[in-house]
Amino acid sequence: MTTEIWQLSESELLAESAAVSRQIQLLEARRIALVAEIDTRVSREKLGFPGPAGWLTSTTLLSPSKATKIVALARGMAAFPDIADAVNTGVMSIDHAALILTFAETPPENLPQKGRDMARAALIKAATGPDARTGRIRAAITRLEDSFGTKKPPAENTDRNELFASTTLNGRLVLKGDFDAITGEKLLTALSPLTEPHPAVDGSQASKAGDDRSPARRRADAFGHILDQYLASSDRPIEGGERPHVNLHIRLQDLADLRDSADDITDDETSRAATESDTVDPVDINTGNPVDTDSATELGHENGGEGGAADRGAYRDLFGDGTSVGWLPWMGPLSRNTSRQLACDCVLTAIVMDENGNPLNLARTARTVTAKQRKALTARDHGCAFPGCGKPAAWTEGHHIWHWGDGGPTDMNNLVLLCGFHHRLIHHSDWEVFIGTDNHPWFIPPATVDPYRQPRQSHARAGPHIA
């Protein structure tokens, strides 16, 4: 009878984990050997696919890329029994086998056959056992290619660089890249200082645990910071007669009608109808008879949303401008909350449109902070003003306390520097900010953070002060 994991001692946990890992390694090797035999013996008709990769994907939980990799290993190791033996005996990992196999299949042009065999044996020995390190194996392969090859090593071949960018059906952007070592080093170097975890600053218990963002999320946030700094730079190239920048297309009515609630997706006419329903009973559009509101709601659910006047009103402008007030030229529609946030973004131009989609007076982009105001804000706030943050001023945005879309001016007493994260936090939470009698920003936490909602000084002003 198998012992429950929780019943194992510490020593047993370590021993069994190591044993299971070795079993997995041997099973992976056997799967590769089986696939190699399937590839040579089983017909396409029997597989039902052009090759083993398609059959593996359809009959197991393997992804297409993983199945393709297994088939490539199976075919490659058939030509190099020494690599296969190391894998089959469990002394070399599948990943290291794939690395050595790539070298063996495409060796440096000027390396003689005897040298190829010796190099392969040395690489296999370096990849044997738990002390094997990928960096050392790659370094050896790079030296061989540098000494005996006429082509650039794969890691340095810029001709193989690719970056795919595709928008998804739900309006997001998916990136997939393959870069040479130099470009990769540049990217990782640029991301590194921006991906360090930062402790929480909302006063909750989470501050003890620190930054709860995943590494992938931190890298994504850092990439966004890099883009912000690039678009704010005066050195970027000219495109279409001007330097590239983000444009937000938004109707004047939508900009003026933005409300604090992100859940309000009804237009003015629907809102008026909802208000009037407080005193006037709704009428069935088919019979003309008064309808109880509860019944109308139930009817709409029972008929898939097609049976009641209330449902018709709610969905009347679903495919018009009633549900998305902003539009980005590359990425398409935006929600009300995000449009509100972007409408006061200091590195973005809001192109205000009329009801017919024609741009109105572009001078409305005067909401952006001037160079002199930016310097004054930096002198006052130093960086992100949110309590406990203090990110450098170069990484911040000018936030309008009284939203520009609601008529707020671009004046010093209506502006505060916030980093991207805290800019979004102010827009999408119950945190509030105001300019105090000392002409500095103050922040009011939500009741979930401080039941008494005591105002907090900005980051640059926090701490003891001499009276």
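Everything below is about the structure printed above this text.
In this report, we go over the structure that sits alongside the text.

Rules and cut-offs
- Residues numbered from 1 in each chain as written.
- Predicted model: local features only at pLDDT ≥ 70, side-chain atom pairs only at ≥ 80, totals over all residues.
- Heavy atoms only, no water.
- Phe/Tyr/Trp six-rings, centres within 6.5 Å; stacked < 30°, edge-to-face > 60°.
- Helix = DSSP H or I, 4+ residues; strand = E, 2+ residues; numbered from the N terminus.
- Buried < 20%, exposed > 50% of the residue type's maximum accessible area, 1.4 Å probe, protein only.
- Expected span 1.5 Å × (residues − 1).
- Arc of directions from axis to C-beta.
- Contact = heavy atoms within 4.5 Å.
- Pairing = 2+ DSSP bridges.
- Core = buried A, V, L, I, M, F, W, Y, C linked by side-chain atoms within 4.5 Å.
- Patch = residues over 30% accessible without salt bridge, like charges linked within 9 Å, V, L, I, M, F, W, Y side chains within 5 Å.
- Areas by Shrake-Rupley, 256 points an atom, 1.4 Å probe, with all protein chains shown as cover.
- Salt bridge = Lys/Arg side-chain N within 4 Å of Asp/Glu carboxyl O.

1. Considerations on the packing of aromatic side chains
At step 1: All chains considered together, the criterion is met by two aromatic pairs.
At step 2: Both rings, one in Phe386 and one in Phe443, keep their centres 5.4 Å apart while their planes meet at 65°; by these two values the pair is edge-to-face. Of this pair, Phe386 sits in the loop between helix H17 (371–381) and strand S7 (396–400) while Phe443 sits in strand S10 (residues 441–444), and the two are 57 residues apart along the sequence.
At step 3: Overall, Phe386 belongs to the buried group, its relative accessible area being 0%.

2. Some words on helix H8 (residues 134–148)
At step 1: The terminal C-alpha atoms of H8, which comprises 15 residues, lie 21 Å apart, in line with the 21 Å expected from a rise of 1.5 Å per residue.
At step 2: Among all positions of H8, only Ile137, Ile141, Leu144 and Glu145 are buried. One side of H8 carries all its buried residues, which in axial view fall inside an arc of 95°. Summarising the geometry of H8, the exposed residues directed more than 90 degrees from the buried face are Arg136, Arg143, Asp146 and Ser147.
At step 3: Buried residues in H8 make contact with helix H6 (94–105) and helix H7 (113–126).

3. Focus on the pairing of strand S2 (residues 173–178)
At step 1: In this structure, strand S1 (residues 162–167) lies alongside S2, joined through six bridges in antiparallel fashion. The partner of Ser166 across the bridge, within S2, is Val174.
At step 2: Here S1 hands over to S2 after five residues, with Gly171 in that stretch at a positive phi of 85°.

4. Thoughts on helix H5 (residues 81–88)
At step 1: Ile83, Ala84, Ala86 and Val87 are the residues of H5 that are buried. The buried residues of H5 all sit within an arc of 160° when viewed along its axis, so they share a single face.
At step 2: Residues of H5 that are buried sit in contact with helix H1 (10–41), helix H4 (64–78), H6 and H7.
At step 3: A positive phi of about 80° marks Gly90, the residue just after H5.

5. Re the environment of Arg217
At step 1: Along the chain, Arg217 turns up in helix H11 (residues 215–231).
At step 2: Residues Arg217 and Thr195 lie 22 residues apart in sequence; the distance between their C-alpha atoms is 8.8 Å.

6. Looking at the nonpolar core
At step 1: Counting 33 residues, the largest nonpolar core has Met77, Ile83, Met92 and Ile100 as its most contacted members.
At step 2: Contributing elements (two or more residues each) for this core: H1, helix H3 (52–59), H4, H5, H6, H7 and H8.
At step 3: Excluding its chain neighbours within four sequence positions, the residues that come into contact with Met92 are Gln25, Ile83, Ala86, Val87, Ala97, Ile100, Ile124 and Ala127.
At step 4: Within the second largest apolar cluster, 12 residues are counted, among which are Cys389, Leu418, Cys419 and Val433.

7. So, the sheet that holds strand S11 (residues 456–457)
At step 1: Read from one edge of the open sheet, three strands run S9-S10-S11, paired in antiparallel fashion. Each of the sheet's edge strands pairs with one partner strand only, and the pair in question is strand S9 (432–435) and S11.
At step 2: Across four bridges, S9 lies against S10 in antiparallel orientation. If you follow Ile435 over to S10, its bridge partner there is Pro441.

8. Here's the deal with unusual backbone geometry
At step 1: Residue Asn439 is not a glycine yet carries a positive backbone phi of 65°.
At step 2: Take Asn439: it is sitting in the loop between S9 and S10.
At step 3: Positive phi is not limited to glycine here, since Arg453 has a value of about 50°.
At step 4: If you trace the backbone, Arg453 turns up in the loop between S10 and S11.

9. Notes on a nonpolar patch on the surface
At step 1: A grouping of Leu163, Leu173, Leu175, Phe179, Leu187, Phe223 and Leu227 is seen on the molecular surface, where their side chains present a nonpolar patch of about 600 Å² in accessible area.
At step 2: Every element with two or more residues in the nonpolar patch is listed here: S2 and H11.
At step 3: Within the secondary structure, Phe179 is located in the loop between S2 and helix H9 (181–191).
At step 4: A residue is classified by how much of its surface remains accessible, and Phe179, at 35% relative accessible area, is partly exposed.

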